Amino acid sequence: MRMTRLVAKTLREAPADAEAVSHRLLVRAGYIRRISSGVYSYLPLGFRVLRKIESIVREEFDAAGAQELLLPALQPIELWVETGRTKTMDDVLMRLEVRGADFVLGPTHEEAVIATVAQDIASYRDLPATVYQIQTKFRAEARPRFGLLRTREFIMADAYSFDVDQEGMRASYRAIFDAYCRAFDRLGITYYPVEADAGSIGGDVNHEFMVPAAIGEDHFALCASCGYKANIEAARRAAPEAEGSVAVPEMTEISTPGATTIDSAVAMISKAGHPMTSADMLKTFVASDDQGRLALFLVPGDRQVRLPHGYSPLDGDIFAEHPFLHRGYVAPMGMQARKLKVFADHSIKVPRGWTTGANRPDTHVMNALIGRDFEVDGFGDLVVVEDGDACPQCGEPLSLVRSVEAGHTFQLGLTYPEKIPSARFSAEDGSEAMYFMGCYGIGVSRLPAVVAEVTSDDQGLNWPISVAPFQVHLVAISHRRDPEVARVAEELYSSLGAAGIEVLFDDRDLAPGVKLNDADLIGVPVQLLIGPKGIASGVVELKRRDDRIRREVAVEEAQSATISLVAELLAEL
RNA sequence: CGGGGAGUGGCGCAGCGGCAGCGCACCUGGUUUGGGACCAGGGGGUCGGGGGUUCAAAUCCCCCCUCCCCGACCA
């Protein structure tokens, strides 16, 4: 590709609204253009990167035995009503009405894939089967940000597996999981498959593929010692040892007018002559399940609550319906009599006196003891893990890693077939059965930004050769004035092209500094510089973008040296 | 959805009652040519939209829209 023909212009300045490094660089280097909030076009350079990523994913999915198909982006809303996801995914669904009929623009395709294969997967003989697509998806993202990292329209490679039983599902899951690992390996970036929370998609076992990056909006817990990895939503910590019994004085009340937060209660009680910290408080969190049943969750006052699946925090209005719940002064004492279940984090087992609410306004109690002053119906992992918590597997300290979610794999099981009557097959014994599903997604259009985030430097982009828009950036310096430079450059351009190398040829009539800076900005992994200085002594310069070191090569050897450098980079991945 | 901020040429910005400007980019001619050159000339803007105040509005007032940041939310 000749840059005089390339539809792209490099910008000296990024748009003021571009925050993320990847966003700024992709715009400045001429890869993408913003059309609306969270909506981007791919210029030829950006599209080539996208295609490379798609190809890698396609090859690995194909190798895992999955079959590519294409599902509609435009879906009748009935499909979504059937699974109840018009409600559970209401906040992200893009709906539209066309001639009186209601549609959604698909944010994901579980419903659509089942509707599609219903008649084609009808017998145990048709199973197992895995299909996938590379498709544009839509989400009414509340706040698009960071360029390609969080958008309203995005491209995803999503796969769906169907199996006769759970064991089969596990095997299909493993096959796609392995395909994911191979695909991420080929992208040349560091990633971690971590245990994750299922979120609104439902299902059981699942993993997120996390790429550590400064811009990441997610965190996962990592144990450097044993390798335990889990998303912050799913991470657990080792429960502290529960010691034997200790003598705890009788529970006493203390007046705390207006102290409805942990911090204000701690301050007020300390000031009243009982020095304490938030770790001495028992935080009592009220939540309701999807049927509106209330439950209490107890965690130490210095920790954030991690509610189990299906529970959501009680909002203010609902609080008002339960006069025995005094906001800021809720405590577990006597709650079983109110028909509320009380769940506690493992750390609450430790016998000690807690300071907590008194279930009366403006009053706290001190020395509340588990088993004496309040009862717990069940223990669980109810706190959000923090840096330094003990690993649940080996006890060594965990660290939290900031990262971007680049892929997600789910074992859905029967979640969808249970809601969709057509999701059935005839089993070997002639009975009707539901198939076990898995679903898998890779954020294809997010990946150029993820790769850019972790590979770029202060000079610009720096692509791994597997996803770079071109393999070689041929820069001709002063070729309009030096016919010999022009001749050598043209010759190399065609001979490298003939050898199957993808070459971007900077044949623009610009100052050398501009062209060299642009080459670094655009980030093609191999640069081949042809200039009058070198040509005068029969050499050209070969440069790796990642180390920016130039190596002189005789003109006659330029082609073979370039080809072997490309091969070397390909082999490094 | 709550809080804050911004909309002036493709991008970055100045102007804040009196002729719409600057840098980059773009076009023409010339000079220049190894890490973001120079000279001369040129094209391009209903100043986000609507209404109002005023002799006069990019500028003041009201309404709306869009965008960005923080938070909430997050297949």
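Basis of the calculations
- Every chain begins its residue count from 1, and numbering advances along the sequence as written.
- Think of it this way: whatever chain is written first is A, whatever ligand is written first is 1, and the rest follow in order.
- Residues qualify for local features only when their pLDDT is at least 70, as the model is predicted, and side-chain atom pairs are given and counted only at 80 or more; totals for whole chains, interfaces and linings, by contrast, use all residues.
- Note that water and hydrogens are dropped before the side-chain values are worked out from all heavy atoms of the structure.
- A run of DSSP states H or I qualifies as a helix once it reaches four residues; a run of E qualifies as a strand once it reaches two. Both are numbered from the N-terminal end.
- Burial classification: accessible surface area is computed with a 1.4 Å probe over protein chains only, and a residue below 20% of its type maximum counts as buried, one above 50% as exposed, and the rest as partly exposed.
- Should any heavy atoms of two residues lie within 4.5 Å, those residues are counted as being in contact.
- Accessible surface area values rest on a Shrake-Rupley calculation with a 1.4 Å probe, where residue burial reflects the displayed protein chains alone.
- Charge counting follows a simple rule: Lys and Arg are positive, Asp and Glu are negative, and His as well as the terminal groups are ignored.
- Charged side chains are reduced to one point each, which is NZ for Lys, CZ for Arg, CG for Asp and CD for Glu.
- For two strands to count as paired, DSSP must find a minimum of two bridges between them.
- Every axis in this analysis is a line fitted to C-alpha atoms, fitted for helices over the stretch in contact. Angles between the N-to-C directions lie between 0 and 180 degrees.
- For each domain, the first and last residues come from an automatic or database assignment.
- Aromatic pairs are defined between Phe, Tyr and Trp rings, using the six-membered ring for Trp, whenever the two ring centres lie within 6.5 Å; interplanar angles under 30 degrees are classed as stacked, those over 60 as edge-to-face, and all others as tilted.
- Nearness here has a simple test: a residue counts as near a molecule or strand if at least one of its heavy atoms is within 4 Å of that partner.
- Two N or O atoms count as a polar contact when they lie within 3.5 Å, although within protein this holds only if one can serve as hydrogen donor and the other as acceptor, and sequence-adjacent residues are included solely when both atoms are side-chain atoms.
- Classification convention: Asp, Glu, Lys, Arg as charged; Ala, Val, Leu, Ile, Met, Phe, Trp, Tyr, Cys, Pro as nonpolar; all other residues, Gly among them, as polar.
- Only buried residues count toward a nonpolar core. Its members are Ala, Val, Leu, Ile, Met, Phe, Trp, Tyr and Cys residues joined through side-chain atoms within 4.5 Å.
- Criterion for a salt bridge: a side-chain nitrogen of Lys or Arg within 4 Å of a carboxyl oxygen of Asp or Glu.

1. Thoughts on the overall build of chain A
Turning to step 1, where the next piece is worked out: Along the backbone of chain A there are 13 helices and 29 strands.
Turning to step 2, where the next piece is worked out: Along the first, second and third principal axes, the C-alpha set of chain A runs to 95 × 70 × 50 Å.
Turning to step 3, where the next piece is worked out: Looking at chain A residue by residue over its 573 residues, the buried ones come to 52%.
Turning to step 4, where the next piece is worked out: A separation of at least 24 residues holds for 69% of the contacts in chain A among residues at least 6 apart in sequence.
Turning to step 5, where the next piece is worked out: In the structure as shown, chain A presents an accessible area of about 25600 Å², 49% of it carried by carbon and sulfur atoms.
Turning to step 6, where the next piece is worked out: When the 59 basic and 81 acidic side-chain charges of chain A are each reduced to a single mean position, those positions are 5 Å apart.

2. Details of the pairing of strand 29 (residues 550-554)
Turning to step 1, where the next piece is worked out: In this structure, strand 28 (residues 539-544) lies alongside strand 29, joined through 5 bridges in antiparallel fashion. For Val 540, the partnering residue across the bridge sits in strand 29 and is Val 553.
Turning to step 2, where the next piece is worked out: Connecting the antiparallel pair strand 28 and strand 29 is a turn made up of 5 residues, with Arg 548 showing a positive phi of about 60°.

3. So, the sheet that holds strand 13 (residues 252-255)
Turning to step 1, where the next piece is worked out: If you walk across this open sheet you meet the 3 strands as 13-19-18, and the pairing is antiparallel. Each edge of the open sheet carries a strand with a single partner, namely strand 13 and strand 18 (354-357). Averaged over neighbouring strand pairs, the angle between their axes works out to 30° when direction is ignored.
Turning to step 2, where the next piece is worked out: Note: strand 18 against strand 19 (residues 363-368), 3 bridges, orientation antiparallel.

4. Comments concerning the sheet that holds strand 5 (residues 94-98)
Turning to step 1, where the next piece is worked out: Across the sheet, which stays open at both edges, the 3 strands sit in the order 4-6-5 with antiparallel pairing between neighbours. Only two strands of the sheet have a single partner each, and these edge strands are strand 4 (74-76) and strand 5. For this sheet, the mean angle separating the axes of adjacent strands, direction not counted, is 40°.
Turning to step 2, where the next piece is worked out: Pairing analysis gives 3 bridges linking strand 4 to strand 6 (residues 101-105), with the strands arranged antiparallel. Bridge pairing in strand 6 places Pro 76 opposite Phe 103.

5. Quick notes on the domain arrangement of chain A
Turning to step 1, where the next piece is worked out: If you check the domain split of chain A, you get domain 1 (21-236 + 400-452), domain 2 (252-380) and domain 3 (470-572).
Turning to step 2, where the next piece is worked out: Computed from C-alpha coordinates alone, the two centres of domain 2 and domain 3 are separated by 68 Å.

6. Quick word on the packing of aromatic side chains
Turning to step 1, where the next piece is worked out: By the definition in use, this model includes 17 aromatic pairs.
Turning to step 2, where the next piece is worked out: Arranged with centres 5.5 Å apart and planes meeting at 25°, the rings of Phe 297 and Phe 343 form a pair that is stacked. Taken together, the positions of Phe 297 in strand 15 (residues 294-300) and Phe 343 in strand 17 (residues 341-345) put the pair 46 residues apart, joining distant regions of the chain.
Turning to step 3, where the next piece is worked out: Under the relative-accessibility criterion, Phe 343 is labelled partly exposed at 23%.
Turning to step 4, where the next piece is worked out: Among the aromatic residues, those joined into a ring-pair cluster are Phe 61, Tyr 132, Tyr 173, Phe 177, Tyr 180, Phe 184, Tyr 191, Phe 209 and Tyr 440.

7. Topic: the protein's contact with RNA strand B
Turning to step 1, where the next piece is worked out: Taken together, 45 residues surround RNA strand B, and among them Met 156, Ser 478, Arg 481, Glu 541 and Arg 550 come closest.
Turning to step 2, where the next piece is worked out: Here Arg 150 contributes a side-chain N or O atom positioned 3.0 Å from a base oxygen of RNA strand B.
Turning to step 3, where the next piece is worked out: Residue assignment for the surface near RNA strand B shows that the elements contributing at least two residues are strand 1 (32-36), strand 8 (153-163), helix 11 (512-522), helix 12 (532-536) and strand 28.
Turning to step 4, where the next piece is worked out: Among the elements that line the surface near RNA strand B, the one with the most residues is helix 11, at 7 residues.
Turning to step 5, where the next piece is worked out: Classifying every residue of the surface near RNA strand B gives 15 nonpolar, 10 polar and 20 charged.

8. A look at unusual backbone geometry
Turning to step 1, where the next piece is worked out: Cis geometry is found at the peptide bond from Leu 127 to Pro 128, where omega equals -5°.
Turning to step 2, where the next piece is worked out: When you line up the elements, Pro 128 lands in the loop between helix 5 (110-117) and strand 7 (129-138).
Turning to step 3, where the next piece is worked out: Located in the positive-phi region is Lys 339, a residue other than glycine, with phi close to 65°.
Turning to step 4, where the next piece is worked out: One can find Lys 339 in the loop between helix 8 (316-320) and strand 17.
Turning to step 5, where the next piece is worked out: Under the relative-accessibility criterion, Lys 339 is labelled exposed at 75%.
Turning to step 6, where the next piece is worked out: One non-glycine residue, Asn 359, adopts positive backbone phi at about 60°.
Turning to step 7, where the next piece is worked out: Mapping Asn 359 onto the fold places it in the loop between strand 18 and strand 19.

9. Looking at the nonpolar core
Turning to step 1, where the next piece is worked out: In terms of nonpolar packing, the biggest core is built from 60 residues, with Tyr 31, Phe 61, Phe 184 and Trp 463 touching the most fellow members.
Turning to step 2, where the next piece is worked out: No other element matches helix 6 (residues 166-187), which puts 9 residues into this core.
Turning to step 3, where the next piece is worked out: The two domains that each donate at least three residues to this core are domain 1 (21-236 + 400-452) and domain 3 (470-572).
Turning to step 4, where the next piece is worked out: Residues contacting Tyr 31, with those up to four places away along its chain left out, are Leu 26, Ser 41, Tyr 42, Leu 43, Leu 45, Gly 46, Val 49, Leu 461, Trp 463, Pro 469 and Ile 522.
Turning to step 5, where the next piece is worked out: Counting residues in hydrophobic clusters, the runner-up holds 25 residues, among them Leu 528, Ile 535, Ala 558 and Val 566.

10. Quick word on the side chain of His 364
Turning to step 1, where the next piece is worked out: Position of His 364 among the secondary structure elements: in strand 19.
Turning to step 2, where the next piece is worked out: Its relative accessible area of 2% is what places His 364 among the buried residues.
Turning to step 3, where the next piece is worked out: Only 2.7 Å separates the side chain of His 364 from the side chain of Thr 256, close enough to count as a polar contact.

11. Brief notes about the environment of Val 451
Turning to step 1, where the next piece is worked out: By the secondary structure assignment, Val 451 is in helix 9 (residues 447-455).
Turning to step 2, where the next piece is worked out: Expressed as a C-alpha distance, the spacing of Val 451 and His 322, which sit 129 residues apart in the sequence, is 51 Å.
Turning to step 3, where the next piece is worked out: Excluding its chain neighbours within four sequence positions, the residues that come into contact with Val 451 are Ile 189, Trp 463, Pro 464 and Val 467.

12. Re the pattern of salt bridges
Turning to step 1, where the next piece is worked out: In the structure shown here, the tally under the stated rule is 34 salt bridges.
Turning to step 2, where the next piece is worked out: Note that Glu 491 and Arg 487 form a salt bridge whose closest N and O atoms lie 2.7 Å from each other. Here Glu 491 and its partner Arg 487 are both found in helix 10 (residues 483-498), 4 residues apart, which amounts to about one turn of the helix.
Turning to step 3, where the next piece is worked out: According to the relative accessible area criterion, Arg 487 is partly exposed, its value standing at 40%.
Turning to step 4, where the next piece is worked out: Measuring nitrogen to oxygen at the nearest pair gives 3.9 Å for the salt bridge that ties Lys 515 to Asp 506. Asp 506 shares its class with Lys 515; the two are buried.

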